Amino acid sequence: MTNTPLWEVFVRARNGLAHKHVGSVHAADATMALQAARDVYTRRGEGLSLWVVPSNAIVASDPADRAEMFEPTGSKIYRHPTFYEVPEEVGHM
Amino acid sequence: MYSQALNTKDAAVADTSPEAARFQARIDAEERIEPNDWMPEAYRRTLIRQISQHAHSEVVGMLPEGNWITRAPSLRRKAALLAKVQDEGGHGLYLYAAAETLGVAREEMVDQLLSGRAKYSSIFNYPTLSWADIGTIGWLVDGAAIMNQIPLCRCSFGPYARAMIRVCREESFHQRQGYEIVLTLARGTPAQKAMAQDALNRWWWPCLMMFGPPDTDSQHSDTSMRWKIKRFTNDALRQKFVDATVPQGHFLGLTFPDPDLRFDAASGHWQFGAIDWAEFRRVLAGDGPCNRERLAARQKAHDDGAWVREAALAHAAKQQRKAA
């Protein structure tokens, strides 16, 4: 049995919001993937726009590398506004 | 529609590695586990089995209700039933997709169902003999499903929990449309009321069995609870369902087929009679009223659709060659 390709589905709920990942579908080609995504993920007005992306086109970071990928920012607290002292008299900044 | 505590015995080997300890600490801290995270093999196996069997239940669950689409008593009922059956198909697909993130192929899961190696909820092996059964399935079967599925929205495995949130949002429509059908019959002619009562008589006990074996027999619960795949025991969910459902049945003016059913003021719970677990085991083992029919229908749909799947792939390959 040939495996039908897998596609990741992204839905924009309304204009002004980003497309958000909602799940995946199997389909032979992009047209059928869009059709299947519509049937499976938008039966109740969940969206105004759909993206389907071949799953094997997504490059993901490895959770095992989480420490070296993301921890260095943990010590860089000077990237946050609360690191800096502004006298109260100055007011909201 | 529903995942059943199917309790296939799985020798859970105690994993004493540091990874396993870290994994358990994350679970205890209510962190969600995502597909590429490290996880014990038994956790992966348990989830693949539970999610795929849940998916199979949704897909097989389309059959008893599909039986009445062409005979629905009005266009309104027909449109609602079509939408409900379509939802069940959708729920199956959300769940297959969630299971696939654990590294099992869709084709493999379908093959497990068709070859009888994977199970699905015992409830779908009962026949839908009258229109009242459609109402009763919505009210009771979907009602039981909701009880079971709401805690699954907080399951430790992210993709399963997210799929369950979508499912639960849609399930409420199913239960309400079912109750409305039963209410209409219960307020109808004596023959219609008798039809509603007959359906309740036949579905009540199989619905209580949907929650799986009693906690005393449940080999699986401990590990599943520790991993936060399961949040409540079978018996706790069953009691919750009975407490919620009995007053709804009394409002309909129907009686439950259980002479031992009574309200216990001290505990605040409805107490019910003994469940026939021999029947449950028989149906699960393949010997229910409709097991063979259900699998034959799935096999036929799969075989009849084969040329469509092949044609779609051939068309896609041809278009790709043309574009190249």
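Residues numbered from 1 in each chain as written. Chains lettered and ligands numbered in written order. Predicted model: local features only at pLDDT ≥ 70, side-chain atom pairs only at ≥ 80, totals over all residues. Heavy atoms only, no water.

## Things to note about the packing of aromatic side chains
All names here are of chain B.
Part 1: For the structure on display, the rule yields 15 aromatic pairs over all chains.
Part 2: Here F23 and Y43 contribute two aromatic rings whose centre-to-centre distance is 4.8 Å and whose plane-to-plane angle is 70°, an arrangement assigned as edge-to-face. Here F23 is found in helix α1 (residues 18-28), whereas its partner Y43 is found in helix α2 (residues 41-60), with 20 residues between them in sequence. When sorted by exposure, F23 lands in the same class as Y43, which is buried.
Part 3: With a centroid separation of 5.3 Å and 90° between ring planes, the pair formed by W277 and F280 is classed as edge-to-face. In this pair, W277 and F280 are both assigned in helix α11 (residues 277-287), three residues apart and thus about one turn of the helix distant. Here W277 matches F280 in class, with each residue buried.
Part 4: By way of ring pairs, the aromatic residues F23, W38, Y43 and W227 are connected into one cluster.
Part 5: Here R71 stacks its cationic end above the ring of W68, 4.0 Å away from the centre of that ring.
Part 6: Above the face of the Y94 ring, R166 is positioned so that its terminal group lies 4.8 Å from the ring centre. (Phe/Tyr/Trp six-rings, centres within 6.5 Å; stacked < 30°, edge-to-face > 60°. Helix = DSSP H or I, 4+ residues; strand = E, 2+ residues; numbered from the N terminus. Buried < 20%, exposed > 50% of the residue type's maximum accessible area, 1.4 Å probe, protein only. Lys NZ or Arg CZ within 6 Å of the ring centre and 35° of its normal.)

## Describing the sheet that holds strand β1 (residues 6-12) of chain A
All names here are of chain A.
Part 1: The strand order β2-β1-β3 describes an open sheet built from three strands, whose pairing is antiparallel. Either end of the sheet is taken by a strand with one partner, and the two such strands are β2 (20-26) and β3 (49-54). Averaged over all pairs of adjacent strands, the angle between strand axes in this sheet comes to 30°, irrespective of strand direction.
Part 2: One ladder, built from six bridges, connects β1 with β2; its direction is antiparallel. Paired with W7 across the bridge in β2 is V25.
Part 3: Along the sheet face, helix α1 (residues 30-41) touches β1, β2 and β3 and points at about 115° away from the line of β2. (Pairing = 2+ DSSP bridges. Axes fitted to C-alpha atoms, helices over the stretch in contact; angles between N-to-C directions. Contact = heavy atoms within 4.5 Å.)

## Considerations on the interface of chain A and chain B
Part 1: Listed by partner, the interface residues are 19 residues for chain A and 22 residues for chain B.
Part 2: Between chain A and chain B, the buried area comes to about 1,800 Å², and carbon and sulfur atoms account for 53% of it.
Part 3: Between chain A and chain B we count four salt bridges in total.
Part 4: Joining chain A to chain B, the criterion identifies nine residue pairs in polar contact (both at pLDDT 80 or more).
Part 5: For the side of chain A that touches chain B, the elements supplying multiple residues, two or more each, are β2 and α1 of chain A.
Part 6: For the side of chain A that touches chain B, the per-class residue count stands at nine nonpolar, five polar and five charged. (Buried area = accessible area lost by both parts, 1.4 Å probe. Salt bridge = Lys/Arg side-chain N within 4 Å of Asp/Glu carboxyl O. Polar contact = N/O pair within 3.5 Å; in protein donor to acceptor, adjacent residues only side chain to side chain. Nonpolar A, V, L, I, M, F, W, Y, C, P; charged D, E, K, R; others polar.)

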